[in-house]
Amino acid sequence: MRWFGILLIIFVGSEKTGLAQSLTISGRILDALTSRPVATAQVFLKQHNKIEHQLSGENGHFQFANTPAGETTIIVQRLSYQNVNIHFFMIADTSVTIELLPEPLALSEISLSAEKDRRLLLMQRSSQPVLHFAAQEIDEIAAADAADVLTFAPGIFIKNYGGFSGLKTVSLRGAAGTQVKILLDGIEYDNSQSGVTDLSTLDMNAFEAIDLYRGGNAAQFGANALAGVIDLRTVVAGKTPAIKFSTTKGEFGQQSLQFRASGTVTGLQAVTAVSRQNATGNYPFHFNVFGRDTVLSRANADYENFHFLSTLQKKTDAKTTILSFTRYSGRRGVPGAVLQGSFVPSQARQNDEDTQLTGQFSWRIAPDKIWRNALRWRKSDLNYRDPQVKIRPQGIDDFYRNHMLYAQSAFEIIRTNQRFLTKLEAGESKLRSNNLAHPLAQSFEIIEKVQRRFVHATFLWEKNDESGLHFRMLQFALRFSHYSDAGSALSPSMGFNFKPTQLPLHLRLHAAHSFRVPAFAEQYFLNYGNRRLKPEKSLSIESGANAAFAFRGNFIFDASFFAFAVSNQIISIPRSPVLWSAENVGKTRHRGLELLGEWRSPGKRIHLRTTWTRQTAEDRSPGSRTFGKQLVYIPREIFTAIMALEQPLTARLSGQFSLTARRVSYRYHLSENDFDSLLPAYAIIDLKAGIKKSFGKINCVLNLQIENIVDVTYEIIHNYPMPGRIWRLQAEMRSGHAEK
């Protein structure tokens, strides 16, 4: 029996002692703190490899009739409560009273026993649209990095600067990459140097899931969350030993090796993940030169990446301690643009190093109170060299070293239908470089380093009212932030989610005021920075609906309408024919509709998902010559589709197949939106096919992946052509099952 109390009362009737007769199991589910009935809890009855399921009624009651005698397991799951498992041998009619202990529920810290529960509950119970990519979705896409996963989310457009070694940044709802918040395990990860995270450096071997929160919400997540939040979840250390090894070979020198192992070491749950990727990257492509089709070969596009993750975890009934270390190093060429049918020769090289050490500690002080703490140290180095640009005699040779220290402490209280969260955060970020200056009235004062200190205080209140099959949730959050070099900001948000009828339909509404602090590059870079910059501000509102129902499988449908405006937007303004400056003169307006539909067959053998986004992102800067024009590189429409199938062939052999498609409408690469700056629409289809063979607890997989199978010629960024059709062959071995 668990320490929080499960009361099991078995009534044995005088005439019901035979093992062969049909029996009845009934019971009631109560809140362990208030003794109030808990409605709509999921109750599973497992006997002889057969599982029955029902929801508890308005008074917490449930009943299973015509049940045979024998070994019996009852499993109870309910949002915001801990799961309960009861195992016993039933010989007579049985009545049980089950008390559930409340489990604190935080948007970026939810931990449920099943990925399907987490995914659906996040979508249904949030006041904003949330999409959870679990391990299965990541495998279906054959994702190598975070950009590959997020490509198939509503509202997302990945700006890929040209193939293998190219920079990959995210645009969400037409916003810039600087206006999307990046978290790692729910903890600050943003790049204070440039304000942009290169998604190509986030190898999926180190991650087991990604949560995408669409919509502005600096009140809960912090600065830069003007358009949404991406939370990357590293692999979880499990008690059960598990090993994964894979190797990939492909065109243009593509090679990768990945290894991951988890298990228990001297009482600690441990996981280690290592990967290495490299490619020559000099792929051919078609280019139109004055109406004539020409084949060129991309040069200086090689890369080599190394990723390492190690995590130790210690868990007791009330306390959890986690220590993790991550390391990334990358070497890449920076290809030149294609102009007038030929490459601009490039010898530019970029080297990156990123090291992080993170400690987390959580303590359940009481059944309804939990205290969470985190501390992260991060060091990021970047070196960019280009001997051909003769700003200095030896060309450009710039280095940037960014140190960040970040601490947070959160205290959460869960009552019967209310939740309170207070959180304090503090830290500092330092940047050293040979390319920094304090802007003066007529010139620049060269400096060696800049520093930023910050402190945040957050309060969140949430009320849930659930009766029978109805649900209402009201949420209010307020955040105060202060930055030593960017001033202070107050960010409120309010959200509402309700289920008005017994139909499986949730409606939601959310409004927020958010902000973004200038990056060091915008404040201090030589010949560009502006020390007087103010934070960008946004006001957002959105509404949406979510429905989930079962019919020959499981259906999910989600729709979101959004609108937000950004003021004080930082844009580049020419100060002379050769010098530019960052200024707070921009205003933008974003509106759109996002749709998602998904179906999984019984047994999860077939999975279909499609998304469609229609959006406008316009310049609304007063007096601008481009007032009302579409922002550059923002498509009006984005469509994606995934079809995945796993078909058993024999008892130990199965075939796997997935087909993904995405279509991106026209974009402009100049703010005037003239015809010559039009980039045409493109549609890309990718294929993955393979076989899986089981040898006891070992699964071996052989996959063939083909990207751009119809060999489409296209550009995402002007003058940076993307590869045509390319293939990869992947072999993988997995042993054991990692616990979630």
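About the cut-offs
Residues numbered from 1 in each chain as written. Predicted model: local features only at pLDDT ≥ 70, side-chain atom pairs only at ≥ 80, totals over all residues. Heavy atoms only, no water. Pairing = 2+ DSSP bridges. Helix = DSSP H or I, 4+ residues; strand = E, 2+ residues; numbered from the N terminus. pLDDT = per-residue confidence, 0-100. Contact = heavy atoms within 4.5 Å. Phe/Tyr/Trp six-rings, centres within 6.5 Å; stacked < 30°, edge-to-face > 60°. Lys NZ or Arg CZ within 6 Å of the ring centre and 35° of its normal. Buried < 20%, exposed > 50% of the residue type's maximum accessible area, 1.4 Å probe, protein only. Polar contact = N/O pair within 3.5 Å; in protein donor to acceptor, adjacent residues only side chain to side chain. Salt bridge = Lys/Arg side-chain N within 4 Å of Asp/Glu carboxyl O. Axes fitted to C-alpha atoms, helices over the stretch in contact; angles between N-to-C directions.

1. Considering the pairing of strand 32 (residues 505-516)
Inference 1: The pairing of strand 31 (residues 487-499) with strand 32 spans six bridges and is antiparallel. Bridge pairing in strand 32 links Phe496 to Leu509.
Inference 2: In textbook terms, the turn of a hairpin is the stretch between consecutive antiparallel strands, and for strand 31 and strand 32 this stretch comprises five residues.
Inference 3: As defined by bridge partners, strand 32 adjoins strand 33 (residues 536-550) across 12 bridges and the pair is classed as antiparallel. What sits directly across from His510, in strand 33, is Glu542.

2. Brief notes about the confidence of the model for the chain
Inference 1: Averaged over all residues, the pLDDT of the chain is 87; the fraction at 70 or higher stands at 92%.
Inference 2: For the chain, per-element mean pLDDT is lowest for strand 1 (residues 6-9), which scores 40, and highest for strand 36 (residues 606-619), which scores 96.
Inference 3: Note on residues 1-20: pLDDT is under 50 here. Beyond four places in sequence and across chains, it has 48 contacts.
Inference 4: Here residues 105-116 scores under 50 on pLDDT; set against residues more than four positions off or in separate chains, the count is 33 contacts.

3. Points about the packing of aromatic side chains
Ring pairs (aromatic) are described by centroid distance and by the angle formed between their planes.
Inference 1: Counting across every chain of the model gives 16 aromatic pairs.
Inference 2: A centroid spacing of 6.4 Å and a plane angle of 70° characterise the contact between Tyr483 and Phe515, whose relative ring orientation is edge-to-face. Of this pair, Tyr483 sits in strand 30 (residues 470-483) while Phe515 sits in strand 32, and the two are 32 residues apart along the sequence.
Inference 3: One aromatic cluster is present, built from ring pairs that chain together Tyr406, Phe454, Tyr483 and Phe515.
Inference 4: Taking NZ or CZ as reference, Lys319 lies 4.8 Å from the ring centre of Trp363, over its face.
Inference 5: The ring of Phe695 is capped by Lys693, whose NZ or CZ atom sits 5.8 Å from the centre of that ring.

4. Here's the deal with the pairing of strand 26 (residues 369-386)
Inference 1: Judged from the 16 bridges that link them, strand 25 (residues 349-366) and strand 26 form a sheet pairing that is antiparallel. Across the sheet, Gln356 pairs through a bridge with Arg378, a residue of strand 26.
Inference 2: In this antiparallel pair of consecutive strands, strand 25 and strand 26, the connection spans two residues.
Inference 3: As defined by bridge partners, strand 26 adjoins strand 27 (residues 396-414) across 18 bridges and the pair is classed as antiparallel. Bridge pairing in strand 27 places Arg385 opposite Asp397.

5. Regarding the side chain of Gln408
Inference 1: With respect to the helices and strands, the residue Gln408 is situated in strand 27.
Inference 2: Overall, the relative accessible area of 8% leaves Gln408 in the buried class.
Inference 3: Only 2.9 Å separates the side chain of Gln408 from the side chain of Tyr406, close enough to count as a polar contact.

6. A look at the pattern of salt bridges
Inference 1: Taken as a whole, this structure holds 41 salt bridges when the rule is applied.
Inference 2: When the shortest N-O distance is used, the salt bridge between Arg276 and Glu304 registers 3.2 Å. In this pair, Arg276 is assigned in strand 18 (residues 268-279) and Glu304 in strand 21 (residues 303-315), connecting sequence segments 28 residues apart.
Inference 3: Overall, the relative accessible area of 36% leaves Arg276 in the partly exposed class.
Inference 4: A salt bridge links Arg516 to Glu536; the shortest N-O distance between them is 3.0 Å. One end of the pair, Arg516, is in strand 32; the other, Glu536, is in strand 33, and 20 residues separate them in sequence. Take Arg516 and Glu536: they sit in the same class, and that class is buried.

7. With respect to unusual backbone geometry
Inference 1: Even without being glycine, Arg552 reaches a positive phi, approximately 50°.
Inference 2: Within the secondary structure layout, Arg552 lies in the loop between strand 33 and strand 34 (554-574).
Inference 3: The backbone of Tyr633 shows a phi angle near 60°, a positive value even though the residue is not glycine.
Inference 4: Relative to the helices and strands, Tyr633 is located in the loop between strand 36 and strand 37 (637-648).

8. Structural notes on the sheet that holds strand 13 (residues 187-188)
Strands belonging to one sheet form pairs held by backbone hydrogen bonds; the direction of such a pair is parallel or antiparallel.
Inference 1: Taken together, the five strands give an open sheet; going across it, the order is 9-14-15-12-13, and neighbouring strands pair in mixed fashion. Bordering the open sheet on either side are strand 9 (130-133) and strand 13, each of which pairs with just one other strand.
Inference 2: Where strand 9 meets strand 14 (residues 207-214), four bridges bridge the pair, whose relative direction is antiparallel. If you follow Phe133 over to strand 14, its bridge partner there is Ile210.

9. Notes on the sheet that holds strand 7 (residues 84-90)
Inference 1: One open sheet holds the four strands; their spatial order is 4-3-6-7, and the pairing between them is antiparallel. Strands with a single pairing partner mark the edges of an open sheet, and in this sheet they are strand 4 (50-55) and strand 7. The average angle at which neighbouring strand axes cross in this sheet is 20°, direction not considered.
Inference 2: Bridge analysis of strand 6 (residues 70-77) against strand 7 gives seven bridges, and the strand direction is antiparallel. Across the sheet, residue Gly70 finds its bridge partner in strand 7, namely Met90.

10. Here we look at the side chain of Thr320
Inference 1: Locating Thr320 in the fold gives a position in strand 22 (residues 319-333).
Inference 2: Non-local contacts of Thr320, meaning those with residues more than four positions away in its chain, are made with Gln313, Lys314, Lys315, Gln360, Phe361 and Ser362.

11. Structural notes on the environment of Asn300
Inference 1: Mapped onto the elements, Asn300 comes out in the loop between strand 20 (292-297) and strand 21.
Inference 2: Sequence-wise, Asn300 and Ala426 are 126 residues apart; in three dimensions their C-alpha atoms are separated by 42 Å.
Inference 3: Beyond its immediate chain neighbours, meaning those up to four positions away, Asn300 contacts Asn282, Gly333, Val334, Pro335, Ser346, Gln347, Ala348 and Arg349.
Inference 4: Engagement of the side chain of Asn300 in a polar contact is seen with the backbone oxygen of Ser346, the distance being 3.5 Å.
Inference 5: Here Ala348 takes part through its backbone oxygen, which lies 2.9 Å from a polar atom of the side chain of Asn300.

12. Topic: the environment of Glu637
Inference 1: On the secondary structure map, Glu637 appears in strand 37.
Inference 2: Each C-alpha atom, one on Glu637 and one on Gly592, is 9.6 Å from the other, the two residues being 45 residues apart in sequence.
Inference 3: Here Glu637 is in contact with Trp612, Thr613, Arg614, Arg663, Val664 and Ser665, once residues within four sequence places are set aside.
Inference 4: Only 3.3 Å separates the side chain of Glu637 from the side chain of Trp612, close enough to count as a polar contact.

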